[in-house]
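# Structural features, examined
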Amino acid sequence: MRFIKAADYNDMSRKAAGILAASLIMKPGCVFGLATGDSPLGTYGLLADWYGGGDLDFSRASAFNLDEYRGLGPDSDQSYRYFMERNLFSKINIKQENRFIPDGLAADPRAECARYEAAIEGCGGIDIQLLGIGLNGHIGFNEPAGEFCKDTHLTDLTESTIEANSRFFERREDVPIQAYTMGIRTIMRARKILLIVSGERKAEIVERAFFGAVAPEVPASILQFHNDVTIIGDDGAFSLIKQNLGD
Ligand code: F6R
């Protein structure tokens, strides 16, 4: 694993956007795996700015999001589809047909999961997967469990994730309790993984996930077994790491 120290959230975002931009420049038909949440917002803002400045061209790129709430459609302002359209897709020239997100309104969850896996495969697999990490060590919505879930699946969200998400909803009872998510195997198949993490409240999970035992109770720990992972963290997020990360 490669650790890159960032001074703060903005510095983390600049470094992450730089890596994603370089991937696109090196491979114009790059297949991105993308995340939602607070962590990538700054990164998406920069990619949009650089596209606006004429430095990037997403016309041949594709993007697969990690996850989507079950029960929310593209018009719901809490859906991840809405988030992606608002914060990135509407600001760059990625083609509509190349924006992939699980369909939260799908009638047949099992078929939807199979369709999603097949679509990723059909695009030749993910070149670079951007990840955040949950306070409990989740990646995508792969929550702590007794085993690693492999492929894209429908999952029950844990209390801690529902609690963390409730800040985005007016009423707690509106917070979805299930979500579609890429599985651990789906994520691990990405050729490169770029995880971004900011803030002291994530310091403990960063230490456990990347320096502790690899176990499904800390889903992100599996990334220790991937051969091309870059973790960009700011001072707060890396504050409990005792090992020398180099410079
Ligand atoms: C989002 C996702 C989640 C988040 C994680 C961190 O698509 O899959 O795993 O990456 O919950 O969220 P933030 O960045 O809001 O702290």
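It should be noted that the structure appears before, not after, this text.
Residues numbered from 1 in each chain as written. Predicted model: local features only at pLDDT ≥ 70, side-chain atom pairs only at ≥ 80, totals over all residues. Heavy atoms only, no water.

### Some words on helix 3 (residues 80-87)
To be explicit about the condition: Only protein chains enter the area calculation, which uses a 1.4 Å probe; residues under 20% of their type maximum are buried, those over 50% are exposed, and those in between are partly exposed. Runs of H or I in DSSP of at least four residues are treated as helices and runs of E of at least two as strands, each being numbered from the N terminus. Regarding the arc, it is the one traced by the directions from the helix axis to the C-beta atoms. Two residues form a contact once any of their heavy atoms are found within 4.5 Å.
All of the buried residues in helix 3 are Tyr-80, Arg-81, Phe-83, Met-84 and Asn-87. All buried residues of helix 3 project into a common sector of 160 degrees when viewed along the axis, lining one side. Considering only its buried residues, helix 3 is in contact with strand 2 (31-34), helix 2 (41-52), strand 3 (62-65), strand 4 (67-69) and strand 5 (99-100).

### A closer look at the pattern of salt bridges
Put simply, the test is: The salt bridge criterion pairs a side-chain nitrogen of Lys or Arg with a carboxyl oxygen of Asp or Glu, the two atoms within 4 Å.
Summed over the entire model, instances satisfying the criterion amount to 14 salt bridges. Across the salt bridge formed by Arg-171 and Asp-174, the nearest N and O atoms sit 2.9 Å from each other. Judged by relative accessible area, which is 45%, Arg-171 ranks as partly exposed. Look at the salt bridges and you will find they share partners, linking Arg-2, Lys-192 and Asp-228 into a network.

### Points about the nonpolar core
So the rule is basically this: Take the buried Ala, Val, Leu, Ile, Met, Phe, Trp, Tyr and Cys residues and link them wherever side-chain atoms come within 4.5 Å; each set so joined is a nonpolar core.
In this structure, Phe-64, Ile-139, Leu-195, Phe-210 and Leu-223 are the most contacted members of the largest nonpolar core, which totals 34 residues. Residue assignment for this core shows that the elements contributing at least two residues are helix 4 (109-122), helix 6 (184-188), strand 9 (192-197), helix 7 (203-211) and strand 10 (229-234). Sorting elements by how many residues they give to this core places helix 7 first, with 4 residues. The contacts of Leu-223, once residues within four sequence positions are left out, are Met-1, Leu-131, Ile-139, Ile-187, Met-188, Ile-193, Leu-195, Phe-210 and Val-229.

### Describing the sheet that holds strand 7 (residues 153-156)
The strands that make up a sheet are held in pairs by hydrogen bonds between backbone atoms, and each pair lies either parallel or antiparallel. Here is the rule we go by: The rule for pairing is simple: two strands pair if DSSP sees at least two bridges between them. To obtain each axis, a line is fitted to C-alpha atoms, and for helices this fit is confined to the stretch in contact; angles are then taken between N-to-C directions over 0 to 180 degrees.
The antiparallel open sheet is built from 3 strands, whose spatial order is 4-8-7. Strand pairing shows two members of the sheet lacking a second neighbour, strand 4 and strand 7, which therefore form its edges. Geometrically, the sheet is characterised by an average inter-axis angle of 30 degrees between neighbouring strands, direction not taken into account. Two strands pair when backbone bridges link them, and strand 7 and strand 8 (residues 178-181) are joined in this way by 4 bridges, in the antiparallel orientation. The partner of His-153 across the bridge, within strand 8, is Thr-181.

### Here's the deal with the pairing of strand 3
Here strand 3 shows two buried faces, one formed by Ser-62 and Phe-64 and the other by Ala-63 and Asn-65. With 2 bridges joining them, strand 3 and strand 5 adopt parallel strand pairing. If you follow Ala-63 over to strand 5, its bridge partner there is Arg-99.

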